[in-house]
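These are the residues of each chain, in order.
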Amino acid sequence: MKTFSRRTVFSGGLGAAALTLAACGDRAAPTEVGGFAPPPALTPKAGQNVVTQTLAAAPTTVDLGGKTVSTWAYGESLPGPLIRATAGDLLRITLENRLPEASTIHWHGIRLHNAADGVPGMTQDPVKPDTSFTYEFVAPDPGTYFLHSHVGLQLDRGLYAPLIIDDPDEPGDYDAEWIVTLDDWIDGTGQTPDEVLAALTGARPSDGGGMDHGDMPMGDDGPGGMDHGGMPMGDEPWGDAGDVAYPHFLVNGRVPEAPEIFEAKPGQRVRIRLINASADTIFALALGDHDLSVTQSDGFAVEPVTVKALYLGMGERYDVVVTVKNGMFPLVARPVGKSSGGQGLAVLRTGAGEVPAPDVQVRELDEDVLIGSTLEPAETARLEDRAVDTELELAFQGSMQPYQWAINGAPYGQYTPLSIREGQRVRITATNETMMSHPLHIHGHTFALPSGLRKDTVMLAPMESFALDFDADNPGRWAAHCHNAYHQEAGMMTGIDYAS
């Protein structure tokens, strides 16, 4: 048996001539930086509802359920405060930046106008400390979304919150609704996310904390050996699934030793809005002794399918409906490919019983787990059938050692944007050329998979490729990136520009 370093095997066969990446710390500033005019104020139309709210981003301490940590957040709890509106409403949300560094807010999955998208250096100047910025936009599509900072690794602190856009025409044939936000957590536990990235990139020596990789023996077949904690590497379907060893996995901001308890009555139908707001973790989720009917993916309706469990990649959202039984049941979010930190846990209580243990195992996670990209769209969610006008390529590339990630051969700051024109039907063939899984998120648009399934974030397994179709109906300069926050910060982001 040969012995390899795990850090050298994820480049997907790319040679030095095919991919030359700058180290994260040496990346050039994005070419678009600076000089953005404030976006014009929007005037509500007659009868249009206006939703206003202020989010103050500030250093704080939060209680994760008996574990108190120092972090940055929108308030003193996790997730941040819910923002809720109805499709067609005008949202007017002010960010007050009380942090020691600049920040922004990105409205993940919302097809809003470009100036409100919250990408520093691409759609706006970053919001400096002790200043504020008001985002105004119309939310056109109902669904489950979330908001988060788009600066550095601030997403991997507490700067995120659920964003729900209700459908005024939905019958609401359920008795209760829960919002379940999943997260991986390291901030305030001895390391910050920035220190973790510094260790990954080699900017400082690592003591092993905060990193989920080590040098270990692997067989001649490549990345198919064992993780340092005994988890299989290359486990189907996601290959190597993440880089950071988190001490905690949270459900609605709470550790499994002090889970949130959802109350219901036996026989009730409950809609659960699932959001994966984590920076580096794919979750497999199940509700013990229950079936889940998946009804929406990234806000768009699907043909309902009944499953035991489903995967949620970083940035993905799914809505499920469940008819609850009598008793006490664990809602488990198991991190994929992570050998430390336990799991995420919440509890359904409809009757008598004991609160499940933090490490409770549910048999549903040992059965088939739904991969969301295999869902079929509802007919109402399909794109209009029309010819493709332009075809483009987007390839995920990179390596673990050195820790460098890119799209189409260049890191963010050195890229050539994909160019499209307003009115086109665009097809982007997205290919993952690495042995890691990557969630691809495209801003300002929703795309259709070959099945017609509508999404804004899709998981790409190692060496997987998807043709993504969308209509170029939202002019501007838009980001397309891996929603693993560490990969994005190390260069795995590009732009999609409308030609003038």
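The structure displayed is predicted, hence computed values, not measured ones.

## Quick word on the overall build of the protein chain
Phase 1: What the protein chain contains, in helices and strands, is two helices and 30 strands.
Phase 2: Within the protein chain, the fraction of its 500 residues that count as buried is 59%.
Phase 3: In the protein chain, of all internal contacts separated by at least 6 residues, the share reaching a separation of at least 24 is 78%.

## Section: the packing of aromatic side chains
Phase 1: Counted according to the given criterion, the structure contains nine aromatic pairs.
Phase 2: Taken together, the aromatic side chains of Trp107, Phe133, Tyr135 and Phe137 make up a single cluster linked through ring pairs.
Phase 3: Here arginine 157 stacks its cationic end above the ring of tryptophan 72, 3.9 Å away from the centre of that ring.
Phase 4: Sitting over the face of the ring of phenylalanine 300, arginine 454 holds its NZ or CZ atom 4.4 Å from the ring centroid.

## What about the sheet that holds strand S12 (residues 269-276)?
Phase 1: Reading across the sheet, the six strands line up as S10-S9-S12-S17-S14-S15 and stay open at both edges, with mixed pairing between neighbours. With one partner strand each, in any of the chains shown, strand S10 (248-251) and strand S15 (300-307) form the two edges of the open sheet. Within this sheet the neighbouring strands show an average axis-to-axis angle of 20°, counted without direction.
Phase 2: Both strand S9 (residues 176-185) and S10 contribute to a ladder of four bridges, which runs antiparallel. The residue bridging leucine 182 from the neighbouring strand is valine 251, located in S10.

## With respect to the confidence of the model for the protein chain
Phase 1: When the pLDDT values of the protein chain are averaged, the result is 89; 87% of them are 70 or greater.
Phase 2: In the predicted structure, residues 205-234 sits below a pLDDT of 50 and forms 81 contacts with residues beyond four places in sequence or in another chain.

## Points about the nonpolar core
Phase 1: Residues Leu91, Trp107, Tyr135, Leu285, Ile428, Leu440 and Tyr486 are the most contacted members of the largest nonpolar core, which totals 114 residues.
Phase 2: Broken down by element, the residue count for this core peaks at six residues, all from S9.
Phase 3: What tyrosine 135 contacts, discounting residues up to four positions off in sequence, is Leu91, Arg92, Ile93, Leu95, Thr104, Ile105, Trp107, Ala116, Gly118, Gln124 and Val127.
Phase 4: Core analysis: the second largest hydrophobic core is formed by 17 residues, Ala286, Tyr311, Met314 and Met459 among them.

## Let's talk about helix H1 (residues 193-201)
Phase 1: When H1 is considered as a whole, its buried residues turn out to be Pro193, Val196, Leu197, Ala198, Ala199 and Leu200.
Phase 2: Where H1 is buried, its residues meet helix H2 (485-489).
Phase 3: Of the residues trailing H1, glycine 202 is marked for its positive phi of about 85°.

What counts, and at which threshold
- Residues numbered from 1 in each chain as written.
- Predicted model: local features only at pLDDT ≥ 70, side-chain atom pairs only at ≥ 80, totals over all residues.
- Heavy atoms only, no water.
- Helix = DSSP H or I, 4+ residues; strand = E, 2+ residues; numbered from the N terminus.
- Buried < 20%, exposed > 50% of the residue type's maximum accessible area, 1.4 Å probe, protein only.
- Contact = heavy atoms within 4.5 Å.
- Phe/Tyr/Trp six-rings, centres within 6.5 Å; stacked < 30°, edge-to-face > 60°.
- Lys NZ or Arg CZ within 6 Å of the ring centre and 35° of its normal.
- Pairing = 2+ DSSP bridges.
- Axes fitted to C-alpha atoms, helices over the stretch in contact; angles between N-to-C directions.
- pLDDT = per-residue confidence, 0-100.
- Core = buried A, V, L, I, M, F, W, Y, C linked by side-chain atoms within 4.5 Å.

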